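Here is what each chain is made of, one letter per residue.
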Amino acid sequence: MLAAVTRSPGAMVIEDVPDSGPARAGNVIVRPEAVGICGSDFHLYSGDVAALSGARDFYPRIQGHEVSAVVTDPGNAGAVTAGDRIAIWPLLPCGRCYPCRAGRANACVSFRLIGVHLDGGLQERLEVPASAVFGVGDLDPDCTAFIEPASVVVHALARGRLRAGEQVVVFGAGPIGLAAVLAAVRAGARVLSVDPLASRRDLAKRLGAELVAWAPEAELLESVRDWTRGEGPPIVVETSGEAGVLPQAMEMVSAAGRVVVVGMSSGTAALRPGAFPEKEIDVIGSSCATAEDFRNAIRLVSAHRASLTALFSHHFPLARAAEAFEFAMSRPPDAIKIVVTVN
Ligand SMILES: [Zn+2]
Ligand SMILES: [Zn+2]
């Protein structure tokens, strides 16, 4: 069977790898169909492993953590049956660290992710723990592969304690930001989406954003103030990964508001600590998703499958997976979600 193997940084090759037989106890064997490429995949692909949790052997690795697949061998766990389409919840927490003991395994300090620390979906056959496998009914492969990023957003909005009727500013309109727009609108919120690319702002509108904007900091603050009648929004969600957004978000958010940081950034930013006590704001981090978030993400994606189709901008076959990665990393302005079609 064929697999796209990242042998070393920048070297992804298509190889014929041996089939390892029936599913081991507690595992399920699936046939991946579609794998979404995500910004977090670039770290391992390009050798920036310092950005990944844990000092482990990353190479060779079969990547792909946003996976749609069909069950071929359900094993003995009884979770799914052969022929079921499933999405993979890629998080395998350690079960021992403080976050795990505190019931927050999504923030585990030494979690392993399928597709990062363990082989993932860029292969014709994949064996995973039955606990990682969630049936999705008749959802199509692209949308199924999008459940994982959608679950990250579901978790972020839960962390932000979003309530119906609240106004939310979402920074960034990439796949995560757009999913945040959709999830917030579905939860009854009013959303303003901020992104420099007009094409992405258009998509945010199509997914239900009330307003879209891109402006220099002072101007943006002014228009957000107008939109919220001077109060500022109760929630700001940062998905852009730009370090400079956090101080802006802290100034923009209303008193007693929440700023949720989802975007991964390696940069630094100067904050004004006085904003915390002055406005009693919460600045909240959000990492991955819980199994419950994952189930909610299946509902979210299933309910909005028609509008989500606009996000899947490019498809590449497995044989051209390396080209898909190079293309994704060049950040073409018309690309939203790039999908590798495996089978
Ligand atoms: Zn991802
Ligand atoms: Zn842990």
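For the structure, see preceding data.
Heads up: these notes are all about the structure in this document.

Rules behind the numbers
Residues numbered from 1 in each chain as written. Chains lettered and ligands numbered in written order. Predicted model: local features only at pLDDT ≥ 70, side-chain atom pairs only at ≥ 80, totals over all residues. Heavy atoms only, no water. Salt bridge = Lys/Arg side-chain N within 4 Å of Asp/Glu carboxyl O. Phe/Tyr/Trp six-rings, centres within 6.5 Å; stacked < 30°, edge-to-face > 60°. Helix = DSSP H or I, 4+ residues; strand = E, 2+ residues; numbered from the N terminus. Buried < 20%, exposed > 50% of the residue type's maximum accessible area, 1.4 Å probe, protein only. Axes fitted to C-alpha atoms, helices over the stretch in contact; angles between N-to-C directions. Parallel < 35°, antiparallel > 145°, perpendicular 65-115°, else oblique. Left-handed = near helix turned anticlockwise from the far one by under 90°. Contact = heavy atoms within 4.5 Å. Nonpolar A, V, L, I, M, F, W, Y, C, P; charged D, E, K, R; others polar. Donors = N, O, S within 2.8 Å, 3.2 Å for Na, K, Ca; no water. Tetrahedral: all angles 85-135°; square planar, octahedral: opposite > 155°, others 65-115°. Pairing = 2+ DSSP bridges. 1 Å grid on protein atoms, 1.4 Å probe; cavity = no way out; pocket = protein on both sides within 12 Å on 5 of 7 lines; lining within 4 Å. Points joined across faces, edges and corners; volume = space filled by probe spheres on them.

Observations concerning the pattern of salt bridges
A side chain with one charge may pair with a side chain of the opposite charge, provided their charged atoms come close.
At step 1: Under the criterion given, the structure shown has 14 salt bridges.
At step 2: Taking the shortest distance from any N to any O, the salt bridge between Arg163 and Glu166 comes out at 3.4 Å.
At step 3: Through salt bridges with shared partners, one network takes in Arg163, Glu166 and Arg258.

Here we look at the packing of aromatic side chains
At step 1: On inspection of all chains with the given rule, the structure shows five aromatic pairs.
At step 2: Taking the centre distance of 4.9 Å and the plane angle of 40 degrees together, the rings of Tyr45 and Phe325 count as tilted. Residue Tyr45 is found in helix H1 (residues 41–46), and its partner Phe325 is found in helix H12 (residues 321–329); the two are separated by 280 residues along the sequence. With respect to burial, Tyr45 and Phe325 carry one shared label: buried.

Considerations on the packing of helix H4 (residues 147–159) against helix H10 (residues 291–303)
At step 1: The contact between H4 and H10 brings their axes to 8 Å, and the two run at 115 degrees. By the angle class used here, H4 and H10 are roughly perpendicular. Judged by the twist between their axes, the crossing of H4 over H10 is right-handed. In contact with Ile147, Glu148, Ala150, Ser151, Val154 and His155 of H4, H10 contributes Asp293, Phe294, Asn296, Ala297, Ile298, Leu300 and Val301.
At step 2: Taken together, the residues that form the contact of H4 with H10 break down as eight nonpolar, three polar and two charged.

Side note on the coordination of the zinc ion (ligand 2)
At step 1: Protein coordination at the zinc ion (ligand 2): the donors are Cys94 (SG), Cys97 (SG), Cys100 (SG) and Cys108 (SG), at 2.3 to 2.4 Å from the metal.
At step 2: Metal-centred angles of 103 to 117 degrees between the four donor atoms at the zinc ion (ligand 2) mark the site as tetrahedral.
At step 3: In terms of primary sequence, the donors binding the zinc ion (ligand 2) are separated according to C-x2-C-x2-C-x7-C.
At step 4: With a relative accessible area of 13%, Cys100 lands in the buried category.

Let's talk about the sheet that holds strand S2 (residues 11–16)
At step 1: Read across the sheet, three strands follow the order S2-S1-S4 without closing on themselves; strand pairing throughout is antiparallel. The strands lining the two open edges of the sheet, one partner per strand, are S2 and strand S4 (61–62).
At step 2: The pairing of strand S1 (residues 2–8) with S2 spans six bridges and is antiparallel. The residue of S2 that forms the bridge with Ala3 is Glu15.

What about the packing of H4 against helix H5 (residues 175–186)?
At step 1: With their axes 9 Å apart at the nearest point, H4 and H5 run at an angle of 55 degrees to one another. Put simply, H4 runs oblique to H5. For the pair H4 and H5, the crossing hand works out as right-handed. Between H4, through Pro149, Val152, Val153 and Leu157, and H5, the contact on the second element is made entirely by Ile176, Ala179, Ala180, Ala183 and Ala184.

So, the layout of surface pockets
At step 1: Approximately 290 Å³ is the volume attributed to the second largest pocket.
At step 2: Looking at the second largest pocket, it is lined by 16 residues, and the ones nearest its centre are Arg24, Asp119, Gln123, Leu126 and Glu127.
At step 3: The dominant element in the lining of the second largest pocket, judged by the number of residues it contributes, is strand S9 (residues 126–129), at four residues.
At step 4: The residue inventory of the lining of the second largest pocket, partitioned by class, reads nine nonpolar, three polar and four charged.

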